[in-house]
Amino acid sequence: MSYEENIKKLNLKLPNAADPVGSYIAAKIVNKLLYISGQISISNNGELIKGKLGSDLNVDDGYKAAERCALSIIAQAKKACNDDLSKIKSCVKLTGFVNSTNDFTDQPKVINGASDLIAKVFGEAGMHTRAAVSTNSLPLGVAVEVDAIFEIN
């Protein structure tokens, strides 16, 4: 089954691959690696998913926010590959940043939202290395930000 077929089967809708609002690019291909800049948590209606894990949001809320980041990552990867996800050979690494309180320790459970979605869409090729990092704030007050590295054909 193709990645596009997996997206349809999972009833996922990719968001628009937004252009960056800073002094950087959304994606860059270097040799056979595709780097995707950090994607922030944005709901399916375009609203920022804001808040701090451990006070405003629980692990389930964070998991869902991380899933939204993964959808944006896939959208950016598709755009970088000229709308052809079959060019993706594998996901190499995700790095997830969780806006959390000092005593919150479930960052890995939150970032599982992104990891699980990437694995569902890309299957075995979606298995990746990862870091799940706590931070005391993220841009615009969002709950989660995730970046990615893919290997391409």
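Now for a description of the structure that goes with this document. Just so you know, these numbers come straight off a predicted model, no measurement behind them. (Residues numbered from 1 in each chain as written. Predicted model: local features only at pLDDT ≥ 70, side-chain atom pairs only at ≥ 80, totals over all residues. Heavy atoms only, no water.)

Topic: the overall build of the chain
Tallying secondary structure elements over the chain gives three helices and five strands in all. If you list the helices and strands of the chain from N to C, you get α-β-β-α-β-α-β-β. Taken over the C-alpha trace, the chain has a radius of gyration of 14 Å; the compact-globule value for 153 residues is 15 Å, and the two agree within 12%. Seen along its three principal axes, the alpha-carbon backbone of the chain occupies a region of about 40 × 35 × 30 Å. Long-range contacts, defined here as pairs at least 24 residues apart, represent 80% of the contacts in the chain between residues at least 6 apart. If the 17 positive side-chain charges of the chain are averaged to one point and the 17 negative ones to another, these points end up 4 Å apart. (Helix = DSSP H or I, 4+ residues; strand = E, 2+ residues; numbered from the N terminus. Rg over C-alpha atoms; globule rule 2.2 N^0.38 Å. Contact = heavy atoms within 4.5 Å. Lys, Arg positive; Asp, Glu negative; His and termini not counted. Charge placed at Lys NZ, Arg CZ, Asp CG, Glu CD.)

Structural notes on the pairing of strand E1 (residues 27–30)
In the case of a regular strand, side chains alternate between the two sheet surfaces. Bridge count for E1 against strand E2 (residues 33–40) is four bridges, and the pairing is antiparallel. Bridge assignment links Ala27 to a residue of E2, and that residue is Ile36. Hairpin connection from E1 to E2: two residues lie between these consecutive antiparallel strands, with Asn31 at a positive phi of about 55 degrees. (Pairing = 2+ DSSP bridges.)

Considering the layout of surface pockets
By volume, the largest pocket amounts to about 720 Å³. Considering the residues around the largest pocket, the lining is formed by 31 residues, among which Ala18, Gln39, Ile40, Ile42 and Ser72 are closest to the centre. At the level of elements, E2 and helix H2 (59–80) are the ones that each hand at least two residues to the lining of the largest pocket. Looking at the lining of the largest pocket element by element, the count peaks at five residues for H2. Grouping the constituent residues of the lining of the largest pocket by class yields 16 nonpolar, eleven polar and four charged. (1 Å grid on protein atoms, 1.4 Å probe; cavity = no way out; pocket = protein on both sides within 12 Å on 5 of 7 lines; lining within 4 Å. Points joined across faces, edges and corners; volume = space filled by probe spheres on them. Nonpolar A, V, L, I, M, F, W, Y, C, P; charged D, E, K, R; others polar.)

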